[in-house]
Amino acid sequence: MHRDFSEVNSKGEVLIVEDTPASLKLLSDLLGGAGYAVRQAPNGELALWTAQARPPELILLDVRMPGLDGFEVCRRLKEIPSLRQVPVIFLSAQYDTDDKVRGFALGAVDFIAKPFQAEEILARTDAHVRLARAQLQLAQERANLERRVAERTAELEQVASTLAREVQIRRANEELLRLSGQVFEATQDAILITDPAGVIVTANPAFTRITGYAAQEVVGTDILRLHAEYTGEAVLLALRQGLRSSGCWSGEVQTRRRSGDTYPCLLSVSTVHGPDGAVVNYIGVFLDISERKAEQHLIDFLSYHDALTGLPNRVLLRERFEQARANALRDGQQVVLMCLDLDRFKNINDSHGQAVGDKALQVVARFLSGCVREGDTVVRQGGDEFQILLQDDALLGRTLALAQTILAGLREELSVDGERLALTTSIGIAMCPADGDSLDDVLRHADTALVRAKEMGRDHYAFFTERMGSDIRARLAMQQQLRGAIGRDEFEVHYQPQMCLRTGALLGAEALLRWDNPVLGKVPPGLFIALAEEYGSITAIGEWVLESVCAQIRAWHDAGLGSIKVAVNLSGKQFAQDRTVPFVEAALRKYAIAPACLGIEITESTVMGDPDKAVAALTRLKDIGVGISLDDFGTGYSSLGYLKRFPIDVLKIDKSFVDDVTTSSSDAAIARSVISLAHNLDMRVIAEGVETRAQVDFLTEHGCDEMQGYYFSRPLAAEAFTALLRERRVLTVAPACVSA
């Protein structure tokens, strides 16, 4: 595309191709009012004729038109050499992903969704016109530079030849020398003349201006003194070979200024021969091209990155996808593509202005970049759309955790220029090879999932699940339903009675969590508790259980049913947080519950992560009167060490040992050993999973203190457990558990 910027409007010339008169007028008025020269074409045939008559700087092209549609027009435009570099922006529907994929394949640079937003039209038009002009101007400057170097080199070769010849014949022609000297002194390009050995003979004033070296500082020194180490031996070797074979060489080298700074220059070296054919001098002419290189770097950066946020763009995404796909196929993993769209972002632009909106996008870009790992790619698609490319295993644990981190982080208000902005996002997720082998397939499916996430009420994520395995779908469904289960009141605490084996009295209960979801039905605790721990919701669930239990203990006391002790299980995630013990204390105060009414059950795995922190927390709970039980004793690998360190009141014999206690000599020996060990350490023993009379008799005979299991009762809802308390009034609990 050959254009002179002085021949067009200062803002640029735009061709609008739109078959709808109202849209054509809207775009023409908008861009004309913004200072652009606007040409119009109501159909594809007229658009091709108009563009060939005088190439515009940008074409806005409607996708859906009668006759030649936008795709065919774009294809024909790109076949015409004079129009190949003219940027084309398609005008299309918001979520027509197929149109986007096909348009970019034909060479379009961008899409603008209908209905049009004036700010978006102007912003994208400005950006692409500026980029097109910058590329064109750089190309023209490069051509002019190369032409000027060639012209200067030819002139200087002639001058140098003349100078050398006249030096040999003792300056026989002083007028010619004077003219040559004027050229040497006045040229803006640096000139060095060396002897055949490469020792500098003289330098012109432009050399001093560019390098900082005075001529007298370098005369008599080797020219290699000026080369930076970045030039490399390969370039120097090519220079020497060029001079030997043809007597000249030109190329880019790195040169050093007097200050020590290095810079790129375009060097042209020519050989001057004497009358006998021997080398007399070498003439070097070089231009400082650091500014031009910086401009090229900027253009290269903008070709692969988003100008506003600095994130990679869709061009770089395509390269990264192919790399990730090859790695994933080798490692047996999935390439995951997450498409994010900020919910109702237009409201921010409308309320706070586009400048704040742009800064908000930059804040979001930094946030997303901080959420991912090294090797992942965060992309800005345009507008308020982002994409994240990563690798994950078949269970997608990392993908789920990242999606939750992003949703939770954006819900917290972002600070933009001192203003607090509330943002949420919707996320669509698809994978390769599970959902497609190409980026276009995965993009289309991720966009489909994004639409699904928005239909769910926004601030959600959704997977494209057409070809996803049933186990992953079930896991995802459970994880999604688990989120918000507390707010929907889907959890319930059941209570399994704990009985005294000596007297048969009801001593208390273990609190067991149950989940009844309208979609999934009754979910086994072994499934959803592990999932809650994995994705960080176990702390909120555990606190809900603690508060529910304390409220129920208070209700039983107020109903005249006595003081009941209830044991609650705590997870390792809760012990890892400093707020757990204060939360327990606050719940006891809130419901006026004596600490002796509450027991805390732990397992060896619960405290393995940070034993020192766990000891401190358990000791504090023990000091205020809360009982501590060690569950599943004997199933871990360091039980005796924990018995020594932790302030434990009760050992629980695991059900796996109780099941065969009457038929397996080894299980019977383990049960007897646990009972003996606990009593020697002044601890009580509870056997769990007791289901037969024979088990009861064995445990009673060997001194076990308490039991729980189906032999006496399954876990009961609070109402059923209350009925049980009314039937069995006598409770054996030494201290009063509830303040009157």
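Summary of the structure given here. In this text, all values refer to a predicted model and were calculated from it rather than measured experimentally. (Residues numbered from 1 in each chain as written. Predicted model: local features only at pLDDT ≥ 70, side-chain atom pairs only at ≥ 80, totals over all residues. Heavy atoms only, no water.)

A short note on the packing of aromatic side chains
Right, so step 1: Summed over all chains, the structure comprises 12 aromatic pairs.
Right, so step 2: Ring centres of Trp 515 and Phe 528 lie 5.4 Å apart, and the angle between their planes is 75 degrees; on these two criteria the pair is classed as edge-to-face. With Trp 515 in strand S19 (residues 506-517) and Phe 528 in helix H17 (residues 525-534), this pair connects stretches of sequence that are 13 residues apart.
Right, so step 3: Taking the relative accessible area as the measure of exposure, Phe 528 reaches 0% and is therefore buried.
Right, so step 4: Summarising the aromatic geometry, the rings of Trp 556 and Phe 721 are spaced 5.2 Å apart at their centres and angled 40 degrees between planes, so their arrangement reads as tilted. Here Trp 556, found in helix H18 (residues 538-558), pairs with Phe 721, found in helix H27 (residues 718-727); they are 165 residues apart in sequence, far enough to count as distant. (Phe/Tyr/Trp six-rings, centres within 6.5 Å; stacked < 30°, edge-to-face > 60°. Helix = DSSP H or I, 4+ residues; strand = E, 2+ residues; numbered from the N terminus. Buried < 20%, exposed > 50% of the residue type's maximum accessible area, 1.4 Å probe, protein only.)

Here's the deal with the nonpolar core
The tendency in soluble globular proteins is for nonpolar side chains to be buried side by side.
Right, so step 1: Counting 78 residues, the largest nonpolar core has Tyr 495, Val 549, Ile 600, Ile 602, Leu 651 and Ile 653 as the members making the most contacts within it.
Right, so step 2: It is H18 that contributes the most residues to this core, eight residues altogether.
Right, so step 3: If we ignore the near neighbours within four places in the chain, the residues touching Ile 653 are Val 658, Ala 671, Val 674, Ile 675, Val 685, Ile 686, Ala 687 and Glu 688.
Right, so step 4: The next biggest cluster of nonpolar side chains, apart from the first, holds 36 residues, and it includes Leu 402, Ile 406, Leu 410 and Leu 421. (Core = buried A, V, L, I, M, F, W, Y, C linked by side-chain atoms within 4.5 Å. Contact = heavy atoms within 4.5 Å.)

Some thoughts on the layout of surface pockets
Right, so step 1: Taken as a whole, the second largest pocket holds about 970 Å³ of empty space.
Right, so step 2: Only S19, H17, H18, strand S21 (565-569), helix H19 (572-575), strand S22 (598-602), helix H21 (604-607) and strand S23 (627-633) provide two or more residues apiece to the lining of the second largest pocket.
Right, so step 3: With five residues, the top contributor of residues to the lining of the second largest pocket is S19. (1 Å grid on protein atoms, 1.4 Å probe; cavity = no way out; pocket = protein on both sides within 12 Å on 5 of 7 lines; lining within 4 Å. Points joined across faces, edges and corners; volume = space filled by probe spheres on them.)

Quick word on the environment of Ala 678
Right, so step 1: Considering the arrangement of structural elements, one finds Ala 678 in helix H25 (residues 665-680).
Right, so step 2: With 26 residues separating them in the primary sequence, Ala 678 and Cys 704 have C-alpha atoms 9.7 Å apart.
Right, so step 3: Ignoring anything within four residues of it in the chain, the contact list for Ala 678 reads Leu 651, Met 683, Arg 684 and Val 685.

Some thoughts on the pairing of strand S16 (residues 425-432)
Right, so step 1: Counting buried positions over the eight residues of S16 gives eight, a clear majority of the element.
Right, so step 2: Neither face of S16 is left uncovered, since the one carrying Thr 425, Ile 427, Ile 429 and Met 431 and the one carrying Ser 426, Gly 428, Ala 430 and Cys 432 both have all their residues buried.
Right, so step 3: When strand S11 (residues 334-342) meets S16, the two strands line up antiparallel, connected through eight bridges. From the neighbouring strand, Val 335 faces S16, where its bridge partner is Cys 432.
Right, so step 4: Looking at chain direction, S16 and strand S17 (residues 461-463) are connected through three bridges and run parallel. The residue bridging Gly 428 from the neighbouring strand is Ala 462, located in S17.
Right, so step 5: In this fold, the crossover linking S16 to S17 by way of helix H15 (residues 439-455) has left-handed handedness. (Pairing = 2+ DSSP bridges. Right-handed = clockwise from strand over helix to strand, strands pointing away.)

Observations regarding the packing of helix H2 (residues 44-53) against helix H3 (residues 70-79)
Right, so step 1: Taken N-terminus to C-terminus, the directions of H2 and H3 make an angle of 20 degrees; their axes are 10 Å apart at the nearest point. As far as their axial angle goes, H3 and H2 are roughly parallel. Of the two elements, H2 crosses H3, and the hand of that crossing is right-handed. The segment H2 lies against H3, with Gly 44, Ala 47, Leu 48 and Ala 51 engaging Val 73, Arg 76 and Leu 77.
Right, so step 2: Residues of the contact of H2 with H3, tallied by class, amount to five nonpolar, one polar and one charged. (Axes fitted to C-alpha atoms, helices over the stretch in contact; angles between N-to-C directions. Parallel < 35°, antiparallel > 145°, perpendicular 65-115°, else oblique. Left-handed = near helix turned anticlockwise from the far one by under 90°. Nonpolar A, V, L, I, M, F, W, Y, C, P; charged D, E, K, R; others polar.)

Observations concerning the sheet that holds strand S9 (residues 262-273)
Right, so step 1: Reading across the sheet, the five strands line up as S7-S6-S10-S9-S8 and stay open at both edges, with antiparallel pairing between neighbours. Looking along the sheet, the strands with just one partner apiece sit at the ends: strand S7 (200-203) and strand S8 (248-256). If you compare each strand with its neighbour and ignore which way they point, the axes differ by 25 degrees on average.
Right, so step 2: Sheet topology places S8 next to S9; nine bridges connect them, and they run antiparallel. Counterpart to Cys 248 in the pairing with S9 is Ser 270.
Right, so step 3: Packed onto the sheet, helix H9 (residues 233-246) meets S8, S9 and strand S10 (279-288) and runs at close to 150 degrees relative to S8.

A short note on the pattern of salt bridges
Right, so step 1: Under the counting rule described, the total for this entry stands at 40 salt bridges.
Right, so step 2: Among the ionic pairs, Arg 124 bridges to Glu 120, the shortest N-O distance being 3.0 Å. Residue Arg 124 and its partner Glu 120 are both found in helix H5 (residues 118-168); the two are separated by four residues, about one turn of the helix.
Right, so step 3: Owing to a relative accessible area of 14%, Arg 124 belongs among the buried residues under this scheme.
Right, so step 4: For Glu 120, a relative accessible area of 21% corresponds to the partly exposed category. (Salt bridge = Lys/Arg side-chain N within 4 Å of Asp/Glu carboxyl O.)

Quick look at the sheet that holds S16
Right, so step 1: The five strands lie next to each other as S12-S13-S11-S16-S17, forming an open sheet whose pairing is mixed. Each edge of the open sheet is held by one strand with a lone partner, namely strand S12 (377-382) and S17. The mean inter-strand angle of the sheet, taken between neighbouring strand axes irrespective of direction, is 20 degrees.
Right, so step 2: Pairing analysis gives eight bridges linking S11 to strand S13 (residues 385-392), with the strands arranged antiparallel.

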